[in-house]
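The chain contents come next:
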Amino acid sequence: MYSFDRRRVNGPENTYPPAYESTKEAPSPTRRQGRKPHNIRPFVFLKVGLITQAHGSAYIETEKLKIACAVYGPRQNKNSPYTQQGALNVEVKIVPFATKRRRIPIKDVEDRSLSMQIHQCLAPSLRLDLFPKSIIDVFITVLEMDGEASCIASGSIAASAALADAGIEMFGLVAACSACTFPSPSRDGGGSSHPPRNDDDTTRMDEDDQADHHWKGVWLDPNEEEGSLASGTVVMACMPALGTVTNLKQSGCMTSVQVSSCLELCMKQCADIHLVISKTLLESARARQVASTPAEKA
């Protein structure tokens, strides 16, 4: 016999979870402000040497992503025993107003995860054997964030440019790029590996597919919305001058063909990013040389 508990509000004996209609839609190319799926966000601003108190600094801005990086050191590491190889310390801080929803101003798990990923991207490119018992501090401040994968890639680019601006010995500049894939079509006909297109954009996208067959369900530099809808994400960091991959992060469900397509497209974009970083550092060096020439003559 079922007895009621008069001290509590008794619910029904049988309950069922509510069924909601899914409102998620795969992103379309028109939401990327004219950017095609196989294109990354253009560099709106990339400059080094903006933080005068730091030994090296860099600031990068790409649409809804803004990151500032400062490098201090190498300095003596007094809290550790003598080691023949130096240490790299990377700290990432996301300001409370960086995302759409205001964050709590404390260091959380996401900050530590970003710090660890960027550290893995940068460590193989540094000549740490030349700095015994020393430490190099890299502080990255995320002013605006639009997706974790793109934040790791842009943070690695800014940190590499700042390290080069500080005059630290490196094997090569680090360039990084992110890519994502969408769920493959199911057997019952539902789902698609290609995001749906609008009728007005069908002709234009078909022409793009005929001209470039590299994007087969692969979208480069995904934003926060595209990353949440993606089935898998890849973040690759490499030194294009040496053809060496420093770090590779893959999350989600992806096939070997999709991973190969992502790596191929990311490698091509990293080569273009490497040229942008090199040009920025060269212009900064020339500006410093011009600024110091009158002082030497005086």
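Residues numbered from 1 in each chain as written. Predicted model: local features only at pLDDT ≥ 70, side-chain atom pairs only at ≥ 80, totals over all residues. Heavy atoms only, no water.

What follows is about the overall build of the protein chain. Assigned secondary structure in the protein chain consists of five helices and nine strands. Secondary structure elements in the protein chain, listed N-terminal to C-terminal, are β-β-β-β-α-β-α-β-α-β-α-β-β-α. Buried positions account for 43% of the 298 residues belonging to the protein chain. Accessible area of the protein chain: about 17300 Å², with a carbon and sulfur share of 53%. (Helix = DSSP H or I, 4+ residues; strand = E, 2+ residues; numbered from the N terminus. Buried < 20%, exposed > 50% of the residue type's maximum accessible area, 1.4 Å probe, protein only. Areas by Shrake-Rupley, 256 points an atom, 1.4 Å probe, with all protein chains shown as cover.)

Across the protein chain, pLDDT averages 82, with 79% of residues at or above 70. Residue range residues 186-215 is modelled with pLDDT below 50. Its contacts to residues more than four positions away, or to other chains, number 40 contacts. (pLDDT = per-residue confidence, 0-100. Contact = heavy atoms within 4.5 Å.)

This part covers helix 2 (residues 148-165). One turn of an α-helix holds 3.6 residues; hence residues three or four places apart share an orientation. For helix 2, which comprises 18 residues, the first-to-last C-alpha distance of 25 Å matches the rise-based estimate of 26 Å (1.5 Å per residue) to within 8%. Among the 18 residues in helix 2, 16 count as buried, and that is most of the element. Count one or two residues on from helix 2 and you reach G167, which has phi positive near 80°. (Expected span 1.5 Å × (residues − 1).)

Turning to the packing of helix 1 (residues 109-122) against helix 2, a few remarks are in order. Two numbers describe how helix 1 lies on helix 2: the axes approach to 9 Å, and their chain directions differ by 50°. Classed by the angle they form, the pair helix 1 and helix 2 counts as oblique. As for the relative orientation of helix 1 and helix 2, their crossing is right-handed in sense. Here helix 1 contributes S113, L114, Q117, I118, C121 and L122 to the contact with helix 2, which in turn contributes E148, C151, I152, G155, S156, A159, S160 and L163. Of the residues assigned to the contact of helix 1 with helix 2, the class counts are eight nonpolar, five polar and one charged. (Axes fitted to C-alpha atoms, helices over the stretch in contact; angles between N-to-C directions. Parallel < 35°, antiparallel > 145°, perpendicular 65-115°, else oblique. Left-handed = near helix turned anticlockwise from the far one by under 90°. Nonpolar A, V, L, I, M, F, W, Y, C, P; charged D, E, K, R; others polar.)

Summed over the entire model, instances satisfying the criterion amount to three aromatic pairs. Measuring from centroid to centroid gives 5.9 Å for Y72 and F139, while their planes differ by 65°, and the two rings are edge-to-face. Taken together, the residues span a long stretch of sequence, with Y72 in strand 3 (residues 65-76) and F139 in strand 5 (residues 134-144) at a distance of 67 residues. On the basis of relative accessibility, which here comes to 30%, the residue Y72 falls in the partly exposed class. (Phe/Tyr/Trp six-rings, centres within 6.5 Å; stacked < 30°, edge-to-face > 60°.)

Strand order in the open sheet made by the five strands is 1-2-3-5-4, with mixed pairing throughout. In this open sheet, the two edge strands, each paired with only one partner strand, are strand 1 (45-48) and strand 4 (87-94). In this sheet, neighbouring strand axes are inclined to one another by 10° on average, regardless of whether the strands run parallel or antiparallel. Here strand 1 runs beside strand 2 (residues 56-62); their pairing, made up of four bridges, is antiparallel. Residue pairing for strand 2: K47 is matched across the bridge by Y59. Helix 1 contacts strand 4 and strand 5 of the sheet and is inclined by roughly 140° relative to strand 4. Helix 2 contacts strand 1, strand 2, strand 3 and strand 5 of the sheet and is inclined by roughly 40° relative to strand 3. (Pairing = 2+ DSSP bridges.)

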